[in-house]
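Residue strings, one per chain:
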Amino acid sequence: MMNPELRRNLWLEITPHRLLAMPVVLGLAFLALSAINRENAIETVSWTALAGFGVLTILWGTRLAANSILDEMADKTWDWQRLSILSPWTMTWGKLFGATAFAWYGGLVCLAVFLATAQATSIASPAKVALIALLLAVMLQASGIAAALHISRKGVPQHRRSVGFLVIIVVLYVVPFVMAQGIESAKPVIWYGMTFDGANFSLVSAALFAVWAVTGAWRAMCQGLAVRTTPLLWLLFLLCVAVYSAGFAGIGSGFSALHAVLLSLMLWSLGLTYMMLFTEPTSPVVVRRVMRKLDLKQWRRAAEEVPCWPLTWLVAAGSAIAFALLGAGAEPSTFLREWASTPIPLTLLVARDAGLLMLFLAAPSPKRAEATTLVYMLVLYWVLPGLLYAVDLAVVANLVLPLGSGNTWLQIPVALAQAVAVWWFAWQRVGQRLSSTRRADGG
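None of these values were measured; they are calculated from a predicted model.

Trainee: So what exactly am I meant to see when it comes to the nonpolar core here?
Mentor: Across soluble globular proteins, you tend to see nonpolar side chains buried next to one another. Ranked by size, the top nonpolar core spans 54 residues in total, and within it Ile-69, Phe-114, Ile-145, Leu-149 and Met-221 carry the most contacts. If you list the elements that add at least two residues to this core, you get helix 2 (16-36), helix 3 (41-74), helix 5 (88-98), helix 6 (101-117), helix 7 (126-151), strand 1 (189-191), helix 9 (198-224) and helix 10 (232-246). Ranked by residue count, the leading element in this core is helix 7, at 15 residues. Non-local contacts of Met-221, meaning those with residues more than four positions away in its chain, are made with Ile-69, Trp-78, Pro-88, Met-91, Thr-92, Lys-95, Ile-145 and Leu-149.

Encoded structure:
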């Protein structure tokens, strides 16, 4: 029996008119380009077909995938979807390949034209390039669904542009790199000191992250359909992306693979902590639910309720401490020794920023908590230190922003003091909100 969600989307996306119009329009475009450049007509058509696949499936397809969620929420039909008997996996791949069916139809036509004309290009392995392009399209479309589900948890219509912005960033930075490695298969890739064929490495990388993207879309769908899951998959993804990224770091001169993995894990964790912090529900109500489960010693239910950002920050903190301890044993007067402890105050400042957001979320009117937090971060990281340095108050500036070279171990107590102070005020306000809520419930 066909997936009901897939069948519904196919009925909406695929019509006889569209089935006829897409190949006709593409054929006319290819004919026009070949007529303009008659000397290299086949090569022009081949490259255009590959670019057309990217435009249809990666750019347009990702937008369609994200909008399959956002449009339903904006049209107030998402609640009906949540009440259906469809499982999160059925809903995920039904939207992934159903809402984007027309984009895939045109993209596959382009890909067929590319494979038929690729002998006129300099591409050594057209089949591998085509497979890489397919996997990238799946990865980005699944990422679009996951991003839409995740960001929309704080309100759909106003965050539509945020999803588009994230998609554009991923497309601009990921697709050119992976496709370039696949096309220039003669150019080797060095990863953890080992040399790999560019096309093979890109193919395996695209497959790996396509699997992770689909898994992420499934997990986001579980949350959207109120199916409980633990953060274990998120932590495994964090470890995977950190180990993968660390392989491109320069290993040697005292900087080992372990240093690279720890530093990569810390940087990815901090970046994703901010992302999850500003997109996950992190209100006092969430804190109360987690505390309630902990009081009842329901550990699994507590893990299902806790947001991902505190766990991500804990991973960053552990990585920073381990990196600092390893760096402390490096040779004196080396770059690694001098900067070894810098990740610790950086991690503490991220904790301070999280406390600021919690402080504003626990306010009586928390509607603009995220924007207010971003303004405070701008002042604390850039405006205030810059003004203090400008009037030759470097000592005070270092107390506001305890980062930089020098004796970084002295910066740790300053950053810790800031984090503790902010979280003390935040926890006081959260306690007040929880007490008022209990009194209201009791009344």
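Once the structure has been displayed, the description carries forward.
Trainee: I'm lost on the packing of helix 7 against helix 9 in this one. Help?
Mentor: To characterise two packed helices, one gives the angle between the axes of the helices and the distance between these axes. Running from amino to carboxyl end, helix 7 crosses helix 9 at an angle of 25°, the nearest separation of the two axes being 8 Å. Looking at the two axes, helix 7 sits roughly parallel to helix 9. Along this stretch, helix 7 crosses helix 9, giving a crossing that reads as left-handed. Partitioned by chemical class, the residues of the contact of helix 7 with helix 9 number 20 nonpolar, 6 polar and 1 charged.

Trainee: Explain the confidence of the model for the protein chain to me, please; I cannot follow it from the model alone.
Mentor: On average, residues of the protein chain score 84 in pLDDT, and 86% of them reach the 70 mark or higher. Mean pLDDT across the elements of the protein chain ranges from a minimum in helix 8 (residues 160-183), with 57, to a maximum in helix 6, with 94.

Trainee: Before we go on, may I ask you to explain the pattern of salt bridges in this structure?
Mentor: Where charged atoms of side chains with opposite charge meet at close range, the side chains can pair. Inspection of every chain in the model, using the stated rule, returns 10 salt bridges. Measuring nitrogen to oxygen at the nearest pair gives 2.8 Å for the salt bridge that ties Glu-305 to Arg-228. Here Glu-305, found in helix 13 (residues 299-305), pairs with Arg-228, found in the loop between helix 9 and helix 10; they are 77 residues apart in sequence, far enough to count as distant. On the basis of relative accessibility, which here comes to 42%, the residue Arg-228 falls in the partly exposed class.

Trainee: Help me out: how do you make sense of the layout of surface pockets in this one?
Mentor: Over the atoms rolls a probe the size of a water molecule, and its path tells where empty space is left. Here the second largest pocket is characterised by a volume of approximately 660 Å³. Taken together, 32 residues form the lining of the second largest pocket, with Arg-153, Gln-223, Gly-224, Ala-226 and Pro-281 sitting closest to its centre. Where the lining of the second largest pocket is concerned, the elements lending two or more residues are helix 3, helix 4 (78-82), helix 9, helix 12 (284-295) and helix 13. Top contributing element to the lining of the second largest pocket by residue count: helix 9, with 4 residues. Taken together, the residues of the lining of the second largest pocket sort by class into 17 nonpolar, 6 polar and 9 charged.

Procedures and definitions
- Residues numbered from 1 in each chain as written.
- Predicted model: local features only at pLDDT ≥ 70, side-chain atom pairs only at ≥ 80, totals over all residues.
- Heavy atoms only, no water.
- Core = buried A, V, L, I, M, F, W, Y, C linked by side-chain atoms within 4.5 Å.
- Buried < 20%, exposed > 50% of the residue type's maximum accessible area, 1.4 Å probe, protein only.
- Helix = DSSP H or I, 4+ residues; strand = E, 2+ residues; numbered from the N terminus.
- Contact = heavy atoms within 4.5 Å.
- Axes fitted to C-alpha atoms, helices over the stretch in contact; angles between N-to-C directions.
- Parallel < 35°, antiparallel > 145°, perpendicular 65-115°, else oblique.
- Left-handed = near helix turned anticlockwise from the far one by under 90°.
- Nonpolar A, V, L, I, M, F, W, Y, C, P; charged D, E, K, R; others polar.
- pLDDT = per-residue confidence, 0-100.
- Salt bridge = Lys/Arg side-chain N within 4 Å of Asp/Glu carboxyl O.
- 1 Å grid on protein atoms, 1.4 Å probe; cavity = no way out; pocket = protein on both sides within 12 Å on 5 of 7 lines; lining within 4 Å.
- Points joined across faces, edges and corners; volume = space filled by probe spheres on them.

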